[in-house]
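# Per-entry structural report
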Amino acid sequence: MLLGKVVGTLVATRKDEKLQGFKFLVVKRLNIESEETGDYVIAADAVQAGIGDVVLYATGSSARQTVLTDKKPCDAVLMAIVDTWEVDGATKYQKE
Amino acid sequence: MLLGKVVGTLVATRKDEKLQGFKFLVVKRLNIESEETGDYVIAADAVQAGIGDVVLYATGSSARQTVLTDKKPCDAVLMAIVDTWEVDGATKYQKE
Amino acid sequence: MLLGKVVGTLVATRKDEKLQGFKFLVVKRLNIESEETGDYVIAADAVQAGIGDVVLYATGSSARQTVLTDKKPCDAVLMAIVDTWEVDGATKYQKE
Amino acid sequence: MLLGKVVGTLVATRKDEKLQGFKFLVVKRLNIESEETGDYVIAADAVQAGIGDVVLYATGSSARQTVLTDKKPCDAVLMAIVDTWEVDGATKYQKE
Amino acid sequence: MLLGKVVGTLVATRKDEKLQGFKFLVVKRLNIESEETGDYVIAADAVQAGIGDVVLYATGSSARQTVLTDKKPCDAVLMAIVDTWEVDGATKYQKE
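Before going into details, it helps to say that this report is about the structure given with it.

## A short note on the overall build of chain A
If you tally the helices and strands in chain A, you get zero helices and eight strands. Computed over C-alpha atoms, the radius of gyration of chain A comes to 14 Å, within 12% of the 12 Å expected from 2.2 N^0.38 for 96 residues, which places it in the range of a compact globule. Taking all contacts inside chain A whose residues are at least 6 apart in sequence as the whole, residues at least 24 apart take part in 52%. In chain A, the 12 positive side-chain charges and the 14 negative ones have mean positions that sit 9 Å from each other.

Below, the structure is given as structure tokens:
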């Protein structure tokens, strides 16, 4: 999984029939220092994340292993909202 | 999923038998500022997209989860036409 | 899918038993301007491509969705020979 | 598989229901000289690794082939703790 | 598939139970000029390769399509030992 920050929403009225009702979030990828990397992903949301949340996302076929995304043409899903992580004993992110 | 812009079509008469009737679109990848990145993908089209449309595309096994692409040797599919998205409260793209 | 140009063949006598009889092609990846990118893939061939052909190739599990590659340890397959494509109304490649 | 070093833990209270009880580790990717590459992955742990352990991790659908990760929305798993490896006859890493 | 050169072995005593008895090889990725690229993979070995062999390897779910790797948490497998390949009519590698 990779770290990301939810920075916005995406609206798509015309989409594959299996995706009706889907909400897509715009997610900036973070590095383990909690800094933006310049990369991004548009993901489905299995954890009711909100703007500003730091999240974990899974990609590929693993992104279809939630109830929401099962058998859907979706290759990225937010599957956890991060509380905190540390690297070499130092806290790199702490949810407020 | 990633963001792309449909910029053209590709014709391939000789192809795997499972792909008969397939229409391939040439898609330039966009970043979240709605700018071209220099990367591209050739994708199947599950949403009847047209030239100039901004789209979401899924890759890998997830690209085979539409009725069109089921069990086909196809690793990229357009699964949504984008209306709009925003980043940090600013609209980055708005369909005309 | 990505664009490639078949530039050679690869011979491998000792290979996994499921791959007996497989022919491998050396493929240079192209960008949408029809230029070589420096990247490559060694692919199985589901469309009887020849040296010099411009092709589409699929990777990952999608590469196993042809009769030739079904259930084989193969992660790249040529699934179409390209006739032509265009970008923003300009033809970028035309088969001779 | 790729080489990594476990450098920390990640806590996520709100996560997909299938991931209840999961422990996530922060892993820095190593090159074959045993040096950090700047890349990382957040992975599930099938081998009870600890901080400082050098590990092998698998990604994609292969990451779901352990008892722990079966059918879970998880795309990276630690599946071995490395004792040693060598390159061109020279030992590049030796567990203490 | 990609080209690689087997440069060493990796020992991991503690590993996922499904991997008992597995032998891991350290493989440097090659480009089509037969030069090292700086990239690598740690792979299972379905073809009894030895140090110095030039090989083809498959990744992702395709790496689980050998008898050895079926249903194992393994995302890279050597599936062929290369005898020779050519590019634009010139031999780039010839097994001795």
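## Some details on the relation of the copies chain D and chain E
Mapping chain D onto chain E calls for a rotation angle of 72° and an axial translation of 0.0 Å; the resulting RMSD is 0.0 Å. Taken together, these values place the two copies in the relation of a five-fold axis. Here only 3% of the contact residues of chain D are again contact residues in chain E; the copies associate through non-equivalent surfaces.

## What to know about the interface of chain C and chain E
Counting residues at the interface gives 30 residues for chain C, matched by 29 residues for chain E. Both sides together, the interface formed by chain C and chain E hides about 2300 Å², and carbon and sulfur atoms give 54% of it. Three residues stand out in chain C for area buried against chain E, namely C:Arg14, C:Tyr40 and C:Asp75, and they jointly supply 29% of the buried area on that side. Run the count over chain C and chain E and you get one salt bridge. Our enumeration of links across chain C and chain E arrives at 18 residue pairs in polar contact (both at pLDDT 80 or more). Those elements that place two or more of their residues in the side of chain C that touches chain E are β1 (2-11), β2 (14-15), β3 (24-30) and β4 (36-45) of chain C. Looking at the side of chain C that touches chain E residue by residue, the classes come out as 15 nonpolar, five polar and ten charged. Where β2(C) meets strand β6 (residues 76-81) of chain E, two bridges bridge the pair, whose relative direction is antiparallel. Residue pairing in the sheet places C:Arg14 in a bridge with E:Ile81 of β6(E).

## Comments concerning the interface of chain D and chain E
Each side of the interface is counted separately: chain D has 29 residues, and chain E has 30 residues. Across the chain D to chain E interface the summed buried area is about 2300 Å²; carbon plus sulfur atoms make up 54%. Considering only the side of chain D, the residues that lose the most area to chain E are D:Met1, D:Ile32 and D:Gln65, jointly responsible for 28% of the buried surface there. Across the pair D:Asp88 and E:Lys28 runs a salt bridge, and its minimum N-O distance is 3.8 Å. Where chain D meets chain E, there are 18 residue pairs in polar contact (both at pLDDT 80 or more). Mapped onto the side of chain D that touches chain E, the elements with two or more residues apiece are β1 (2-11), β3 (24-30), β5 (54-59), β6 (76-81) and β7 (84-87) of chain D.

## Here we look at the side chain of E:Gln65
Examined against the element boundaries, E:Gln65 turns out to sit in the loop between β5 (54-59) and β6. With a relative accessible area of 14%, E:Gln65 lands in the buried category. At 3.3 Å, the side chain of E:Gln65 and the backbone oxygen of E:Ser61 are in polar contact. Apart from the residues within four sequence positions on either side, E:Gln65 is in contact with C:Lys18, C:Arg64, C:Lys71, C:Lys72 and C:Pro73.

## Looking at the relation of the copies chain C and chain E
For the pair chain C and chain E, the relating rotation is 72°, the translation along its axis is 0.0 Å, and the fit reaches an RMSD of 0.0 Å. In this assembly, only 3% of the residues forming the interface of chain C have copies in chain E that are likewise at the interface, indicating a heterologous arrangement.

## Notes on the pattern of salt bridges
Applying the stated rule across the entire model yields 25 salt bridges over all chains. The partner of C:Lys92 in a salt bridge is C:Glu33, and the shortest N-O contact between them spans 2.8 Å. Placement of C:Lys92 in strand β8 (residues 90-94) and of C:Glu33 in the loop between β3 and β4 is noted, with a sequence separation of 59 residues between them. Assessed through its relative accessible area of 36%, C:Glu33 is described here as partly exposed. The residue E:Glu36 makes a salt bridge to E:Lys28 at a minimum N-O spacing of 3.3 Å.

## Observations concerning the environment of D:Tyr40
Mapped onto the secondary structure, D:Tyr40 falls in strand β4 (residues 36-45). Excluding its chain neighbours within four sequence positions, the residues that come into contact with D:Tyr40 are A:Leu2, A:Leu3, A:Arg29, A:Leu30, A:Asn31, A:Ile32, D:Val27, D:Lys28 and D:Arg29. Within polar-contact distance, the side chain of D:Tyr40 engages the backbone nitrogen of A:Leu3 at 2.9 Å. Looking at D:Tyr40, its side chain comes within polar contact range of the main-chain oxygen of A:Leu30, at 2.7 Å.

Procedures and definitions
Residues numbered from 1 in each chain as written. Chains lettered and ligands numbered in written order. Predicted model: local features only at pLDDT ≥ 70, side-chain atom pairs only at ≥ 80, totals over all residues. Heavy atoms only, no water. Helix = DSSP H or I, 4+ residues; strand = E, 2+ residues; numbered from the N terminus. Rg over C-alpha atoms; globule rule 2.2 N^0.38 Å. Contact = heavy atoms within 4.5 Å. Lys, Arg positive; Asp, Glu negative; His and termini not counted. Charge placed at Lys NZ, Arg CZ, Asp CG, Glu CD. Least-squares fit on C-alpha atoms with pLDDT ≥ 70 in both. Buried area = accessible area lost by both parts, 1.4 Å probe. Salt bridge = Lys/Arg side-chain N within 4 Å of Asp/Glu carboxyl O. Polar contact = N/O pair within 3.5 Å; in protein donor to acceptor, adjacent residues only side chain to side chain. Nonpolar A, V, L, I, M, F, W, Y, C, P; charged D, E, K, R; others polar. Pairing = 2+ DSSP bridges. Buried < 20%, exposed > 50% of the residue type's maximum accessible area, 1.4 Å probe, protein only.

None of the figures reported here should be taken as evidence of function without further support.
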